[in-house]
Amino acid sequence: MMGQMMQRPLQIIELLRYGAEIFPEAGVVSRRCEGDIHRQSYPETMARVAQLAHGLAERGVQPGDRIATLAWNTHRHFEIYYAVSGMGAVCHTLNPRLSPEQMLYIIGHAEDRLLFVDLTFVPLVHALADKLPEGMRFVVMTDRAHMPDSPLELICYEDLLDGKPDSYDWPDMDENTAAGLCYTSGTTGNPKGALYSHRSTVLHALAVGLALNSSLREGANILPVVPMFHVNAWGLPYAAPLTGASLIMPGPGLDGPSLWDLMDGENVTSAWGVPTVWLGLQNEIAARGGNPAGFEQVVIGGSAAPRTMIEAFEQSGVSVCHAWGMTEMSPVGTHGILNASMQDLPFETRMDLQSKQGRRVFGCEMKIVDEEGQRLPHDGKAVGELYVRGNQVIAGYFHNDEATEAAMDAEGWFGTGDVASIDAAGFLTIQDRAKDLIKSGGEWISSIDLESCALAHPEVANCAVIAIAHPKWDERPLLVVVPKGEAHVTLEDIHALMEPHFAKWQLPDDVVFVDEMPLTATGKVSKRTLRAQFADYVLPDLPEG
Ligand code: ADP
């Protein structure tokens, strides 16, 4: 027998409509590209979103059109998310850190019709202009007074809104209608598109809001350092209005001093981003002699959070939530919020738990499998490839059957390309990306574990471990270090630090130094660049043992 209940489609605009009605004092604070701080409540934002939708409708935007953005985290970018999806069009966030070639590929593949662009990226658009699809239109996200000179015909964002009605007749849509499009950075081959629906986005917002309710709550001020062009800033633009949290948008200022000042000035309670950003903030905290006012919690994801980073935050009174996910998962899959009984564990035991990648959010199932695809036990020991399933996970890549086929298994689960273990309590430990694992003499060495350990050395500012080809062992680990200050750590020191935690054959064969780490378009250490840089590196002959 079937239930007898109404079925209303899940729609993204409802998240903001709810936030505007129930939490009218919360809203969006932005450090704008123009340089000032701008504030608007959710009700004011809702009105501007309606005006923008009218402006876009007047310009002929139709349901299903792909509308691209090249923009920082600001209130205008937030408005575009809602207006575009609310009209039934698709908001396609472009990553400005990609190469021009990749960007052009993505714009062509997505068939973008209109591009919203921040002032910072207007020169980039000028550089690409003659290779962009014909008929593409450009809206500069600023007011009339700041409009740049251009050989292109540019529309001014504020002109689009000016004088338009502040309510809009949002259409009812099938909840499976496409709402957002985001391409992975394409570490191998061309970038691949994840096409989110209204349903997947709303369910993700509900799941993240529930799991991270210590962060996402009425009165909280949340700083998304993770860009809105990188998997929807981990869903924060959707979960914040739903839960009554305000968003503090950093605009282009993502360095340690800019972040510290913004956090202190705006009483940021919780900040979300990748480890590289927190290295910068931790240096600034050391330089200023303390945390920004009101700072309670940091959410770290995108790459493994080093244990020393977690410990330093925790010891200074900032609780750490270590999360894992990917573009294909909307993106949050797991989070590190502990149960009440775990909060009272001795510090070291608690750090053991918090260094893991956490436990699944509601709606995300996980399995690990061996090379034959057979399920492995969740006993904290067995290590295999991680597969996921759930309403927030892609069913396939946008217009890419080949990549879809390669990613999905026969049971319809999505292969993450990560190698992991899961313990009986559900904690996930990511050993590595399959392509970053180091295969030595038929055994695997986790680069993440070695890096986390090396970062505990006071002379190591940042580091990465990569595989170097070896005639006898296949591959051996090389430690690449960004030194802190003048002193250069020695291999002996590193071995002494690591020996208590690793087998001897797992230790790096050598240490080399670079001035700074190459980063990917999403702010992670680019091991592909490092592998190319050290492709001809010859390891020293170490004594066997
Ligand atoms: P890309 O880095 O290719 O732009 P994603 O941001 O979607 O794309 O990256 C997802 C990948 O990042 C995961 O598959 C995993 O390898 C890595 N990752 C994300 N969070 C963590 C974490 N907390 N610990 C270790 N690896 C992580």
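So, about the overall build of the chain. A tally of helices and strands in the chain yields 18 helices and 26 strands. For 545 residues, the compact-globule formula gives about 24 Å, and the C-alpha radius of gyration of the chain, at 24 Å, lands near that figure. Counting only C-alpha atoms and orienting by the principal axes, one finds that the chain spans roughly 75 × 65 × 50 Å. Surface summary for the chain: the accessible area is close to 23,000 Å², and the carbon and sulfur share equals 50%. Positive and negative side-chain charges of the chain, numbering 39 and 71 respectively, have mean locations separated by a distance of 3 Å.

As a further point, take the pattern of salt bridges. A complete count under the given rule lists 26 salt bridges for this structure. With a closest N to O distance of 2.9 Å, Arg 76 and Glu 158 form a salt bridge. Taken as a pair, Arg 76 in helix H3 (residues 75–86) and Glu 158 in helix H6 (residues 157–161) lie far apart in primary sequence, 82 residues in all. The burial state of Arg 76 is the same as that of Glu 158; both residues are buried. With a closest N to O distance of 2.8 Å, Lys 367 and Asp 409 form a salt bridge.

This paragraph deals with the site of the ligand. Around the ligand, a shell composed of 16 residues is seen, among which Ala 323, Thr 327, Asp 418, Arg 433 and Lys 524 lie nearest. Contact between the ligand and His 230: an oxygen atom at 2.9 Å from a side-chain N or O atom of the residue. Here an oxygen atom of the ligand and a side-chain polar atom of Arg 433 are 2.9 Å apart. Classifying every residue of the shell around the ligand by side-chain character gives four nonpolar, nine polar and three charged.

This part takes up empty space enclosed by the protein. For the coordinates displayed, the defined rule picks out two cavities of 30 Å³ or more. By volume, the largest cavity amounts to about 50 Å³. The wall of the largest cavity is formed by Arg 32, Cys 33, Glu 34, Thr 74, His 75, Arg 76, Asp 118, Leu 119 and Met 141. Across the lining of the largest cavity, the residue classes break down as three nonpolar, two polar and four charged. Of the residues belonging to the lining of the second largest cavity, the class tally is two nonpolar, five polar and no charged.

Here we take up the packing of helix H1 (residues 13–22) against helix H9 (residues 236–243). One way to put it is that H1 packs onto H9 with a least axis distance of 7 Å and a crossing angle of 35°. Judged by the twist between their axes, the crossing of H1 over H9 is left-handed. Across the interface between the two elements, Leu 15, Leu 16, Tyr 18 and Gly 19 from H1 touch Tyr 238, Pro 241 and Leu 242 from H9. Among the residues making up the contact of H1 with H9, the classes are represented as six nonpolar, one polar and no charged.

This part is about the sheet that holds strand S14 (residues 319–322). Ordered by their spatial adjacency, seven strands build an open sheet running S2-S1-S11-S10-S12-S13-S14, and the pairing between neighbours is mixed. Two strands lie at the open edges of the sheet, namely strand S2 (37–41) and S14, each paired on one side alone. Pairwise comparison of adjacent strand axes, ignoring direction, gives a mean angle of 20° for this sheet. Pairing of strand S13 (residues 297–300) with S14 involves four bridges; the strand directions are parallel. Bridging from a neighbouring strand, Ile 300 pairs with His 322 of S14. Running over the sheet, helix H10 (residues 256–266) touches strand S1 (27–31), S2, strand S10 (221–224), strand S11 (246–249) and strand S12 (270–273) and is turned about 165° from S10.

Burial of the side chains of S12 extends over both faces: Ser 270 and Trp 272 are buried on one face and Ala 271 and Gly 273 on the other. Of the strand pairs in this sheet, S10 and S12 are connected by three bridges, and their pairing is parallel. Across the sheet, the residue bridging to Leu 223 is Ala 271, located in S12. Of the strand pairs in this sheet, S12 and S13 are connected by four bridges, and their pairing is parallel. Counterpart to Trp 272 in the pairing with S13 is Val 299. A crossover connection joins S12 to the parallel S13 through helix H11 (residues 275–288); in handedness this β-α-β unit is right-handed.

Rules behind the numbers
Residue positions are counted from 1 within each chain, in the order its sequence is given. In keeping with the predicted nature of the model, local features appear solely for residues at pLDDT of at least 70, side-chain atom pairs appear and are counted solely at 80 or more, and the whole-chain, interface and lining totals rest on all residues. Processing note: side-chain calculations cover all non-hydrogen atoms of the structure and skip hydrogens and water entirely. Only DSSP runs of H or I reaching four residues or more are called helices, and only runs of E reaching two or more are called strands; each is numbered from the N terminus. The size measure is the radius of gyration over C-alpha atoms, and the globule rule it meets is 2.2 Å times the number of residues to the 0.38 power. Only the protein chains shown count as covering a residue, and every accessible area follows the Shrake-Rupley method with a 1.4 Å probe. We count Lys and Arg on the positive side and Asp and Glu on the negative side, and we leave His and both chain ends out. The atoms used to mark charge sites are NZ of Lys, CZ of Arg, CG of Asp and CD of Glu. A side-chain nitrogen of Lys or Arg and a carboxyl oxygen of Asp or Glu constitute a salt bridge if their distance falls within 4 Å. With a 1.4 Å probe rolled over the protein chains alone, any residue whose accessible area is under 20% of its type maximum counts as buried; one over 50% counts as exposed, and the rest are partly exposed. By convention in these notes, a residue is near a molecule or strand provided one of its non-hydrogen atoms lies within 4 Å of it. Polar contact is defined as a pair of N or O atoms within 3.5 Å, subject to the rule that within protein one atom must be able to donate a hydrogen and the other to accept it, and that residues adjacent in sequence are counted only when both atoms are side-chain atoms. Here the nonpolar group is Ala, Val, Leu, Ile, Met, Phe, Trp, Tyr, Cys and Pro; Asp, Glu, Lys and Arg are the charged ones; every other residue, Gly included, is treated as polar. Here a cavity denotes grid points, spaced 1 Å and computed from the protein atoms alone, that fit a 1.4 Å probe unable to get out, and a pocket denotes an open set having protein on both sides within 12 Å along at least 5 of 7 lines; residues with an atom within 4 Å of a point are the lining. Grid points are joined across faces, edges and corners, and a volume is the space filled by probe spheres set on the points. In this description, a line fitted to the C-alpha atoms serves as the axis of each element, helices being fitted only across the stretch in contact, and the angle between N-to-C directions of two axes falls anywhere from 0 to 180 degrees. Crossings are classed by handedness, with left-handed meaning an anticlockwise turn of the near helix from the far one by less than a right angle and right-handed meaning a clockwise turn. Working rule for contacts: check all heavy atoms of both residues, and any pair within 4.5 Å makes them a contact. Strand pairing requires that DSSP identify at least two bridges connecting the strands. A crossover counts as right-handed when, viewed with the strands pointing away from the observer, the path leading from the first strand over the helix to the second turns clockwise.

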